[in-house]
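Breakdown of the fold
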Amino acid sequence: MKENKKITIHHLFWYFLIFSVIGLIIETLYCYATSGVLESRKGLIWGPFCPVYGVCGAVLIYILDKLNCKSVIKLFIFGFIIGSIAEYILSYGLEAVYGIKFWDYEYLQYNLNGRISLLFSFYWGVLSVILIKFIKPLIDKLVEKIKPHTRNVIELGIFIFLCIDCIATIWGIQTYQNRVLYNNVYRANSNNIILKARESIENNYFTNEKMSKTFPNLRIKTENGEEVWIKTLIEK
């Protein structure tokens, strides 16, 4: 019997990275197929990444590997459960960090607080089977083919970029939120180069047009407690 190779931090990193991209593609195509709308489904302001899929994919593979699930039925059941739990936790986590909801399943039947739904939990089950049976082996081969030194350099570079990407995303969304909801536009009160740079970035780069196109489905609670799409506030 062939023994399973141990999953290392390097494997998890590549699972996260590749599934973030694959997830974005799936999400975009699903949106187009169900609504006829082709729009951005990104989770970060730069790059083709949807980190929710990356995190859930890496978590699914790690736990399913530890559980030594082999049969399609077991993979589906555990994937259904683990994917749902991970998505629910991530929904809370992202809202805590950004102060905004990235998705809401209230429009679907059998949803739990709009954070997970039976339909998408089913998709997690199917995706788990595909991940373990087909995609994981290919990624493992890719990771093993890259020389350790080269791999470490690539991983470090991508990791630094993603950290900067996360910071820029949080900054951009908070700027977008403050401007649209509270009409709060930052203006530098001095000639300090750093403050001037902040003003330029927030007002010329994190524009309403750019942010609404990059994150068209961001939702926020108004002062009245009503949950609305930020882009609808711009249109008013």
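Structural notes, computed from the coordinates. Everything numeric in this text was worked out from a predicted model, so none of it was measured. (Residues numbered from 1 in each chain as written. Predicted model: local features only at pLDDT ≥ 70, side-chain atom pairs only at ≥ 80, totals over all residues. Heavy atoms only, no water.)

When helices and strands are counted, the protein chain shows 8 helices and 4 strands. If you list the helices and strands of the protein chain from N to C, you get α-α-α-β-β-α-α-α-α-β-β-α. Projecting the C-alpha coordinates of the protein chain onto the three principal axes gives extents of approximately 70 × 50 × 30 Å. Per-residue burial for the protein chain yields a buried fraction of 42% across its 236 residues. Residue pairs in contact within the protein chain that sit at least 24 positions apart in sequence constitute 70% of those at least 6 positions apart. Taken as a whole, the protein chain presents about 13,800 Å² of accessible surface, with 65% of it coming from carbon and sulfur. Where the 26 positive side-chain charges of the protein chain centre and where its 19 negative ones centre are 8 Å apart. (Helix = DSSP H or I, 4+ residues; strand = E, 2+ residues; numbered from the N terminus. Buried < 20%, exposed > 50% of the residue type's maximum accessible area, 1.4 Å probe, protein only. Contact = heavy atoms within 4.5 Å. Areas by Shrake-Rupley, 256 points an atom, 1.4 Å probe, with all protein chains shown as cover. Lys, Arg positive; Asp, Glu negative; His and termini not counted. Charge placed at Lys NZ, Arg CZ, Asp CG, Glu CD.)

Of note in this structure, Tyr110 is not a glycine but carries a positive phi near 55 degrees. Summarising the element assignment, Tyr110 is placed in the loop between helix H3 (72-98) and strand E1 (111-112). The phi dihedral of Asn113 falls on the positive side, at around 55 degrees, and the residue is not glycine. Among the structural elements, Asn113 can be located in the loop between E1 and strand E2 (116-117). Judged by relative accessible area, which is 44%, Asn113 ranks as partly exposed.

Now for helix H5 (residues 148-182). Under the 1.5 Å per step criterion, the end-to-end length of H5 is 50 Å for 35 residues, consistent within 8% with the ideal 51 Å. The positive-phi residue at the C-terminal boundary of H5 is Asn183, with phi of around 55 degrees. (Expected span 1.5 Å × (residues − 1).)

Applying the stated criterion across every chain, the model contains 14 aromatic pairs. With centroids separated by 6.4 Å and ring planes inclined at 85 degrees, the aromatic side chains of Phe102 and Phe215 adopt a geometry described as edge-to-face. Here Phe102, found in the loop between H3 and E1, pairs with Phe215, found in the loop between helix H7 (208-214) and strand E3 (219-221); they are 113 residues apart in sequence, far enough to count as distant. By the burial criterion, Phe102 is buried, and Phe215 matches it. Of note, Arg198 hangs over the ring of Tyr186, and the distance from its end group to the ring centre comes to 3.8 Å. (Phe/Tyr/Trp six-rings, centres within 6.5 Å; stacked < 30°, edge-to-face > 60°. Lys NZ or Arg CZ within 6 Å of the ring centre and 35° of its normal.)

One can find Thr214 in helix H7. In this structure, the C-alpha to C-alpha distance between Thr214 and Leu67, residues 147 residues apart in sequence, is 38 Å. Non-local contacts of Thr214, meaning those with residues more than four positions away in its chain, are made with Ser40, Lys42, Leu44 and Ile45.

Once that is clear, we can look at the pattern of salt bridges. Throughout the structure, instances matching the rule amount to 8 salt bridges. For Arg115, the salt bridge is made with Glu95, and the minimal N-O distance between the two is 2.9 Å. Taken together, the residues Arg115 in the loop between E1 and E2 and Glu95 in helix H3 connect sequence positions 20 residues apart. Residue Asp140 is joined to Lys136 by a salt bridge in which the shortest nitrogen-to-oxygen separation is 2.8 Å. Of the two residues, Asp140 and Lys136 both sit in helix H4 (residues 118-145), 4 residues apart, roughly one turn of that helix. Each of the two residues, Asp140 as well as Lys136, counts as buried. Overlapping salt bridges bring together Glu27, Glu39 and Arg41 as one network. (Salt bridge = Lys/Arg side-chain N within 4 Å of Asp/Glu carboxyl O.)

Counting residues in each nonpolar core, the largest one holds 51 residues, and the members touching the most others are Ile173 and Leu218. Looking at this core, the elements that each hand over two or more residues are helix H1 (9-35), helix H2 (51-66), H3, H4 and H5. If near-sequence neighbours (up to four positions away) are discounted, Ile173 is found in contact with Tyr98, Ile100, Phe102, Met211, Phe215 and Leu218. (Core = buried A, V, L, I, M, F, W, Y, C linked by side-chain atoms within 4.5 Å.)

The topology assignment puts Glu202 in helix H6 (residues 193-205). According to the relative accessible area criterion, Glu202 is buried, its value standing at 6%. Those residues in contact with Glu202 that lie beyond four places of it in its chain are Trp171, Thr175, Arg179, Tyr186 and Thr207.

In short, shape yes, function no, at least from these values alone.
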